[in-house]
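Listed below, chain by chain, are the residues.
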Amino acid sequence: MTQTSTTNRQFVLAERPKGEPTDSTLRLDTTEVPTPGEGQMLLRNEYLSLDPYMRGRMSSAPSYAAPVEIDAVMVGGTVAEVVTSNVKGYEKGDWVVAFGGWQDYTLSDGTGVINMGKTPQNPSWALGVLGMPGLTAWAGLTQIGQPKEGETLVVAGASGPVGATVGQIGKILGLRVVGIAGGAEKCQHVIDTLGFDACIDYKADGFADDLAKAVPDGIDIYFENVGGAVFDAVMPLLNPSARIPLCGLISQYNATALPEGPDRMNYLMGQLLRKRITMRGFIVFDDFGHLYPEFAKQMTGWVQEGKVKYREEMIEGLEQAPAAFVGLLRGEAFGKRVIHLAD
């Protein structure tokens, strides 16, 4: 089924998953296209962003944001076209960045919406390098990482939209950058295309030893968005006064119990204390949303100058979103994963 002007396809949360989402987690419904009232505009979603945080919104466990209710539309960032508008500052044909969710159409009063005008270049990039993932990378590294020229930066998820951007910013700022990614192809891309100094395959035998050899002077900044075995390998290599921006833990999102093995909490706490390490978790728009204009100006310049390269994985069709999301959580994505809703 394709996008039409008369029906609104919606993926709603049918049940809360235990572990990895299944075919019964989300349900595809069809409703009428909503009609905007006073102070509202109708948005037709063209692109839907897929991001790891969505797994947390499927759960009812306490978190930084309210969970998606059962039978409610699954949340997600979108790039959309204004169909009709009763909101000042927006008119038919404008392209906007919004939070329209997993559906074809949504109503908005303009809150949290960014107007990109009528002819934006690469509009879907507002969901990636010029949007939330890009801001996460830029703010986490510059505000928490506090990079100093000549330091060593290690980046988890280095071929993903956040990690790839972190590492490239690190190179611009004069750091030695080592990426961690899953598979030889991704590591080759990280080195050859993104310009990292090295990339270690966490799926390969001897990963921890290979990482240690790649950072002979230790790690000054570790950008964390994976956790699990990757962090276990990083932890003993951290230098005194190291900084750890923490934006995600994708290895844990489908977990139903604590990992097997010894309790590593005391070891971690000891490392933080003895080495005076700073580890700070952050929710990007809550903590650094006020810096978006500064980020957008700087990142747009870097992209236009070719200093930051961007890989987008475009998937056609709303119906593909659930499987594409599960693949994202499994580490199958190569670049920023986006769903194209319209033909």
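Please read all numbers here as calculations on a predicted model, not as lab measurements.

Caption draft 1: Local environment of the pairing of strand S14 (residues 312–316). Where S14 lies against strand S15 (residues 336–340), 5 bridges are found, and the strand directions are parallel. Directly across from Glu316, in S15, lies its bridge partner His340. Handedness of the crossover joining S14 and S15 through helix H10 (residues 321–329) is recorded here as right-handed.

Caption draft 2: How the structure looks around the pattern of salt bridges. A full pass over the atoms with the stated rule returns 16 salt bridges. A salt bridge links Arg27 to Asp71; the shortest N-O distance between them is 3.1 Å. One end of the pair, Arg27, is in strand S2 (residues 26–32); the other, Asp71, is in the loop between helix H1 (53–57) and strand S4 (78–85), with 44 residues separating them in the sequence. Judged by relative accessible area, which is 49%, Asp71 ranks as partly exposed. Across the salt bridge formed by Arg44 and Glu81, the nearest N and O atoms sit 2.8 Å from each other. Within this pair, whereas Arg44 is found in strand S3 (residues 41–49), its partner Glu81 is found in strand S4, the two being separated by 37 residues in sequence.

Caption draft 3: Molecular detail of the packing of helix H2 (residues 132–145) against helix H3 (residues 161–172). Interaxial distance between H2 and H3 falls to 8 Å at its minimum, and their mutual angle equals 45 degrees. Judged on the interaxial angle alone, H3 and H2 are oblique. At the point where H2 passes H3, the crossing takes the right-handed sense. The residues of H3 that touch H2, namely those facing Pro133, Thr136, Ala137, Trp138 and Leu141, are Pro161, Val162, Thr165, Val166, Ile169 and Gly170.

Caption draft 4: Quick peek at the sheet that holds strand S9 (residues 176–181). Strand order across the open sheet formed by 6 strands is S10-S9-S8-S11-S12-S13, with parallel pairing between neighbours. Edge positions in the sheet fall to strand S10 (198–201) and strand S13 (278–281), since each has one partner strand and no second. Along the sheet, successive strands turn relative to each other by an average axial angle of 15 degrees, direction set aside. The pairing of strand S8 (residues 152–155) with strand S11 (residues 219–223) spans 3 bridges and is parallel. Bridging across to S11, Val154 finds its partner in Tyr222. Each of S8, S9 and S11 touches H3; the most contacted strand, S8, lies at about 170 degrees to it.

Caption draft 5: Expanded view of the domain arrangement of the chain. Each assigned domain of the chain is listed here: domain 1 (7–127 + 311–340) and domain 2 (132–285). For domain 1 versus domain 2, the separation of C-alpha centres amounts to 29 Å. With 20 residues of domain 1 at the interface, the matching set in domain 2 holds 12 residues. Counting the surface domain 1 buries against domain 2, the share from its top three residues, Tyr64, Leu329 and Phe334, is 33%. Applying the counting rule to domain 1 against domain 2 returns 0 salt bridges. Summed over the shared surface of domain 1 and domain 2, the number is 2 residue pairs in polar contact (both at pLDDT 80 or more). Looking at the side of domain 1 that touches domain 2, the elements with two or more residues in it are H1 and H10.

Caption draft 6: Seen up close, the layout of surface pockets. Roughly 760 Å³ of internal volume is contained in the second largest pocket. If you trace the second largest pocket, you find 23 residues lining it, with Gly228, Gln252, Pro259, Arg264 and Met265 closest to the centre. Taken together, the residues that form the lining of the second largest pocket break down as 13 nonpolar, 6 polar and 4 charged.

Caption draft 7: Examining helix H7 (residues 265–274) more closely. Among all positions in H7, only Leu268, Gly270, Gln271 and Leu272 are buried. Where H7 is buried, its residues meet helix H6 (228–234) and S13.

Caption draft 8: Molecular detail of the nonpolar core. Among the nonpolar cores identified, the biggest contains 35 residues, and Trp138, Leu153, Val155, Val166, Phe196 and Met299 are the most heavily contacted of them. Listing elements by their share of this core, those giving two or more residues are H2, S8, H3, S9, helix H4 (184–192), S11, helix H8 (284–288) and helix H9 (292–304). In terms of nonpolar packing, the next biggest core, distinct from the first, is built from 25 residues, Val154, Ile219, Val230 and Leu238 among them.

Caption draft 9: Geometry of empty space enclosed by the protein. Counted by the stated rule, this structure contains 1 cavity of 30 Å³ or more. Computed from the structure, the largest cavity encloses a volume of approximately 70 Å³. Ser159, Gly160, Ala164, Tyr310 and Arg311 are, among the 13 residues lining the largest cavity, the residues nearest its centre. No other element matches H3, which puts 4 residues into the lining of the largest cavity. When the residues that make up the lining of the largest cavity are grouped by side-chain class, the tally is 4 nonpolar, 6 polar and 3 charged. In this structure, the lining of the largest cavity is formed jointly by two domains, domain 1 (7–127 + 311–340) and domain 2 (132–285), each of which donates at least three residues.

Conventions used here
- Residues numbered from 1 in each chain as written.
- Predicted model: local features only at pLDDT ≥ 70, side-chain atom pairs only at ≥ 80, totals over all residues.
- Heavy atoms only, no water.
- Pairing = 2+ DSSP bridges.
- Helix = DSSP H or I, 4+ residues; strand = E, 2+ residues; numbered from the N terminus.
- Right-handed = clockwise from strand over helix to strand, strands pointing away.
- Salt bridge = Lys/Arg side-chain N within 4 Å of Asp/Glu carboxyl O.
- Buried < 20%, exposed > 50% of the residue type's maximum accessible area, 1.4 Å probe, protein only.
- Axes fitted to C-alpha atoms, helices over the stretch in contact; angles between N-to-C directions.
- Parallel < 35°, antiparallel > 145°, perpendicular 65-115°, else oblique.
- Left-handed = near helix turned anticlockwise from the far one by under 90°.
- Contact = heavy atoms within 4.5 Å.
- Domains from an automatic or database assignment.
- Buried area = accessible area lost by both parts, 1.4 Å probe.
- Polar contact = N/O pair within 3.5 Å; in protein donor to acceptor, adjacent residues only side chain to side chain.
- 1 Å grid on protein atoms, 1.4 Å probe; cavity = no way out; pocket = protein on both sides within 12 Å on 5 of 7 lines; lining within 4 Å.
- Points joined across faces, edges and corners; volume = space filled by probe spheres on them.
- Nonpolar A, V, L, I, M, F, W, Y, C, P; charged D, E, K, R; others polar.
- Core = buried A, V, L, I, M, F, W, Y, C linked by side-chain atoms within 4.5 Å.

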